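Understanding the architecture of this molecule
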Amino acid sequence: MKWLQIHITVDQAQVDFTETLLMSLGAVSVTLDDAEDQALLEPLPGETPLWNKVIVTGIYQEDDQDPIDVEKLEAFLKEQLPDAPIRHEQLEDQVWERAWMDYYEPIQIAEKFWIVPEWLEAPDSNAVNIKLDPGLAFGTGNHASTFLCLQWLGQTDLKDKIVIDYGCGSGILGVAALLLGAKKVYATDIDPQAVLATKQNAELNHVLDRLFVGLPEEFNAEFKSQKADVLVANILAAPLMALAPEFATLLKSEGEFALAGVIEEQVADVTGVYSEFFDIVHIEKREENWCRISGKRQ
């Protein structure tokens with residue numbers, strides 16, 4: 001079986017129309033890629049930020065007995081999008097729904113601490129190995145901010161501690177905390193898909209019985225007036241600053257915290273807000289300008 005791939009470069013405002021157009025013409029899948037090497041900051045859960053210029057790619061299945069008339073297809077697309085560059089290519093047969101899995105490999109966080117995609121063998125069976133399905137929600141360990149949080153958890157004494165994973169995404173941080181010895185993790189996210197992903201990844205790692213995960217209102221009802229020993233939040237600077245007073249009520253005195261999703265230019269603003277409630281102990285940077293802020297509750 002053969003496959004035809006159509007690439008159309010459009011402005012951000014034309015993406016939805018182009019995607020719908022390709023699907024209506026029989027595309028079995030549509031993907032979006034950056035056309036100009038434009039960096040995007042880590043999104044909030046539920047957000048899907050787009051580049052200013054986007055390559056929209058439609059994949060079409062070709063039957064040897066009934067090949068696609070590429071010239072006719074491109075001519076029609078050109079009528080609908082007269083200013084958009086269009087190109088095509090023929091592809092060899094492969095299992096497209098699993099091809100993305102080839103891009104994932106185990107990630108070493110520390111000497112005895114690994115993130116391992118669930119379909120791969122752990123490089124070190126004696127290490128703390130987090131099995132992860134990266135396809136469910138944000139948080140695979142590849143992004144600098146996630147790595148920084150995992151690194152911090154690996155350096156923190158979590159044995160028998162109560163841990164909060166605020167903005168849990170895939171649940172990778174909460175699962176890591178449990179595998180590293182935490183007694184209980186309370187995780188929350190504003191995205192229902194993240195709640196589902198966290199449950200599934202906790203079950204995959206056999207720690208679901210020690211994890212609570214829910215939307216913020218569910219988290220508040222469950223956690224009530226407890227105090228956590230450790231809090232980790234990998235979101236963005238603006239919500240982190242807004243959440244500082246709430247985080248102060250969630251952590252016990254001398255409780256430890258780590259914040260990520262902050263770029264270097266935002267560190268002063270974030271630490272300025274947090275210094276009212278917390279002692280800032282350390283700031284760690286990775287990959288040019290992603291930073292982790294850590295410290296203790298006053």
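Residues numbered from 1 in each chain as written. Predicted model: local features only at pLDDT ≥ 70, side-chain atom pairs only at ≥ 80, totals over all residues. Heavy atoms only, no water.

- If you check an unreviewed UniProt entry, the protein appears there as Ribosomal protein L11 methyltransferase from Acinetobacter ursingii ANC 3649.
- Of the comments in the UniProt record for the protein, the one headed Catalytic activity (unreviewed entry) reads "L-lysyl-[protein] + 3 S-adenosyl-L-methionine = N(6),N(6),N(6)-trimethyl-L-lysyl-[protein] + 3 S-adenosyl-L-homocysteine + 3 H(+)".
- Quoted straight from UniProt, the Subcellular location (unreviewed entry) entry for the protein says "Cytoplasm". (UniProt positions renumbered as here; feature names shortened; annotations may be inferred.)

Considerations on the overall build of the protein
- Within the protein, the secondary structure is distributed over nine helices and 14 strands.
- For the protein, the residues scored as buried account for 47% of the 298 residues in total.
- Across the protein, every contact between residues at least 6 apart in sequence was considered, and the portion connecting residues at least 24 apart equals 64%.
- For the protein, the exposed surface amounts to about 15000 Å²; the carbon and sulfur share of it is 49%. (Helix = DSSP H or I, 4+ residues; strand = E, 2+ residues; numbered from the N terminus. Buried < 20%, exposed > 50% of the residue type's maximum accessible area, 1.4 Å probe, protein only. Contact = heavy atoms within 4.5 Å. Areas by Shrake-Rupley, 256 points an atom, 1.4 Å probe, with all protein chains shown as cover.)

Thoughts on the sheet that holds strand E4 (residues 86-91)
- Strand order across the open sheet formed by four strands is E2-E3-E1-E4, with antiparallel pairing between neighbours. The sheet is open, and its two borders are formed by strand E2 (29-34) and E4, each paired with just one other strand. Between one strand and the next, the sheet's axes are offset by a mean angle of 25°, whatever the strand orientation.
- As paired elements, strand E1 (residues 2-11) and E4 share six bridges and run antiparallel to each other. By the bridge assignment, Ile8 is partnered in E4 with Ile86.
- Where helix H1 (residues 15-24) meets the sheet, it contacts E1, E2 and strand E3 (53-62), and its direction lies at approximately 5° from that of E3.
- Most of the contacts of helix H2 (residues 70-80) go to E4, to which it runs at about 150°, and overall it touches E1 and E4. (Pairing = 2+ DSSP bridges. Axes fitted to C-alpha atoms, helices over the stretch in contact; angles between N-to-C directions.)

Quick notes on the UniProt feature "binding site: S-adenosyl-L-methionine" (unreviewed entry) in the protein
- The sites that UniProt annotates as "binding site: S-adenosyl-L-methionine" (unreviewed entry) are Thr146, Gly167, Asp189 and Asn234.
- On the secondary structure map, Thr146 appears in helix H4 (residues 144-155).
- Judged by its relative accessible area of 2%, Thr146 falls in the buried class.
- The residue Asn234 is located in strand E11 (residues 228-234) in this model.
- Residue class for Asn234 comes out buried when judged on its relative accessible area of 8%.
- In this structure the side chain of Asn234 is engaged in a polar contact, spanning 3.3 Å, whose partner is the side chain of Thr146. (Polar contact = N/O pair within 3.5 Å; in protein donor to acceptor, adjacent residues only side chain to side chain.)

Notes on helix H9 (residues 267-274)
- Here H9 has its buried residues at Val267, Val270, Thr271 and Tyr274. Within H9, the buried residues cover an arc of 95° as seen down the axis, which keeps them to one side.
- If you follow the buried residues of H9, they end up packed against helix H8 (237-250), strand E12 (251-263), strand E13 (278-286) and strand E14 (290-297). (Arc of directions from axis to C-beta.)

Quick look at unusual backbone geometry
- For Asp160, which is not a glycine, the phi torsion comes out positive at approximately 60°.
- Within the element layout of this structure, Asp160 appears in the loop between H4 and strand E8 (162-166).
- With a phi close to 60°, His206 is a non-glycine residue in the positive phi region.
- With respect to the helices and strands, the residue His206 is situated in the loop between helix H6 (192-204) and strand E10 (211-214).

Considering the pairing of strand E5 (residues 107-110)
- Examined bridge by bridge, E5 and strand E6 (residues 113-117) share three bridges and lie antiparallel to one another. Its bridge partner being in E6, Ala110 is matched across the sheet by Phe113.
- Taken together, E5 and the strand that follows it, E6, pair antiparallel across an intervening segment of two residues.

Here we look at the pattern of salt bridges
- Taken as a whole and judged by the stated rule, the model has four salt bridges.
- Among the ionic pairs, Asp11 bridges to Lys53, the shortest N-O distance being 2.7 Å. Placement of the pair is Asp11 in strand E1 and Lys53 in strand E3, with a sequence separation of 42 residues.
- Lys112 serves as the salt-bridge partner of Asp124, at 2.8 Å between the closest nitrogen and oxygen. With a gap of 12 residues between them, Asp124 in the loop between E6 and strand E7 (128-132) and Lys112 in the loop between E5 and E6 connect regions that are remote in the sequence.
- A relative accessible area of 42% places Lys112 in the partly exposed class. (Salt bridge = Lys/Arg side-chain N within 4 Å of Asp/Glu carboxyl O.)

Regarding the nonpolar core
- Formed by 32 residues in total, the largest nonpolar core has its most connected members in Ile115, Leu150 and Val185.
- Counting residues in each nonpolar core, the second largest holds 29 residues, with Leu243, Phe257, Val262 and Tyr274 among its members. (Core = buried A, V, L, I, M, F, W, Y, C linked by side-chain atoms within 4.5 Å.)

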